[in-house]
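A look at the structure
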Amino acid sequence: MTHIRAELRQLWRSWIWRGAALVVLGLAAMAWPERFVGSAMLAVGVVAILFGAYEISIAVTIRGRATGWWLAGAHGTAVLLFGVMTVVAPMLSLRASLAVIAAWLLIYAGVALGGAITAWRMRAARWTLLMWAAVDVALAVTALLTPEGAIFALIFGAAYAVLFGVWQIASGLWLRQTIRRTAAEPETEAPLAAPSRL
């Protein structure tokens with residue numbers, strides 16, 4: 001396995017592990033909110049910060065060798081911001097927390113749109129990313145307009161951790177499949193967001 005493919009292999013594995021951790025912690029917060037919501041959301045934040053920083057480091061490492069390096073960097077930045085938001089939001093006022101949540105959702109919608117543009121010729125990936133961006137925009141609007149902000153923030157934190165975890169697992173599996181499918185190709189343009197031949 002070449003050096004860049006080894007790094008991309010680490011990337012898809014980190015996405016799957018991060019996704020699994022987020023799903024477990026989010027489900028625990030939803031199942032036992034009185035006991036676990038605070039500690040589970042703190043753990044989700046720490047996991048996201050660590051994996052976001054790790055993903056940024058991979059993007060920087062593959063920058064000159066993969067066409068989609070910027071998407072990994074943007075995704076890592078968005079994940080890192082999600083972690084910071086998850087840790088910091090409970091310390092803010094409800095209105096400020098909801099504004100931070102909405103801002104992050106809009107940032108991640110932008111990352112998803114960037115991925116959709118990169119993978120435009122891959123119909124399933126394109127539509128999945130466009131749908132994810134639409135969900136993020138709808139949730140951002142809901143966060144800003146709902147009068148039941150505290151309930152939304154609690155449900156958002158736990159449920160979005162689960163959804164984001166499932167998204168990370170699916171993204172990791174997709175990247176693994178893409179790497180395996182293109183393993184026989186020359187390494188001049190390694191796949192990340194979409195194979196360069198598309």
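Shown above is the structure to which this text applies.
Residues numbered from 1 in each chain as written. Predicted model: local features only at pLDDT ≥ 70, side-chain atom pairs only at ≥ 80, totals over all residues. Heavy atoms only, no water.

Turning our attention to the overall build of the chain. Per the secondary structure count, the chain includes six helices and zero strands. The burial tally for the chain puts 44% of its 198 residues in the buried class. Look at the contacts in the chain between residues 6 or more apart in sequence, and 75% of them connect residues 24 or more apart. Just so you have it, the chain exposes about 9,800 Å², and 71% of that area is on carbon and sulfur atoms. (Helix = DSSP H or I, 4+ residues; strand = E, 2+ residues; numbered from the N terminus. Buried < 20%, exposed > 50% of the residue type's maximum accessible area, 1.4 Å probe, protein only. Contact = heavy atoms within 4.5 Å. Areas by Shrake-Rupley, 256 points an atom, 1.4 Å probe, with all protein chains shown as cover.)

Ranked by size, the top nonpolar core spans 32 residues in total, and within it Phe82, Trp104, Tyr108, Trp132, Tyr160 and Phe164 carry the most contacts. For this core, the elements supplying multiple residues, two or more each, are α1 (3-31), α2 (33-62), α3 (69-88), α4 (94-118), α5 (123-145) and α6 (149-181). Broken down by element, this core gets its largest block of residues, ten residues, from α4. (Core = buried A, V, L, I, M, F, W, Y, C linked by side-chain atoms within 4.5 Å.)

With that settled, the discussion passes to the packing of α4 against α5. Where α4 meets α5, the axes come as close as 8 Å, and the angle between the chain directions of the two elements is 165°. Regarding the angle of α4 to α5, the classification is roughly antiparallel. Considering the relative orientation of α4 and α5, their crossing is left-handed. Residues Leu98, Ala99, Ile101, Ala102, Leu105, Leu106, Tyr108, Ala109, Ala112, Leu113, Gly115 and Ala116 of α4 lie in contact with α5, whose contacting residues are Arg126, Leu129, Leu130, Trp132, Ala133, Asp136, Val137, Leu139, Ala140, Ala143 and Leu144. (Axes fitted to C-alpha atoms, helices over the stretch in contact; angles between N-to-C directions. Parallel < 35°, antiparallel > 145°, perpendicular 65-115°, else oblique. Left-handed = near helix turned anticlockwise from the far one by under 90°.)

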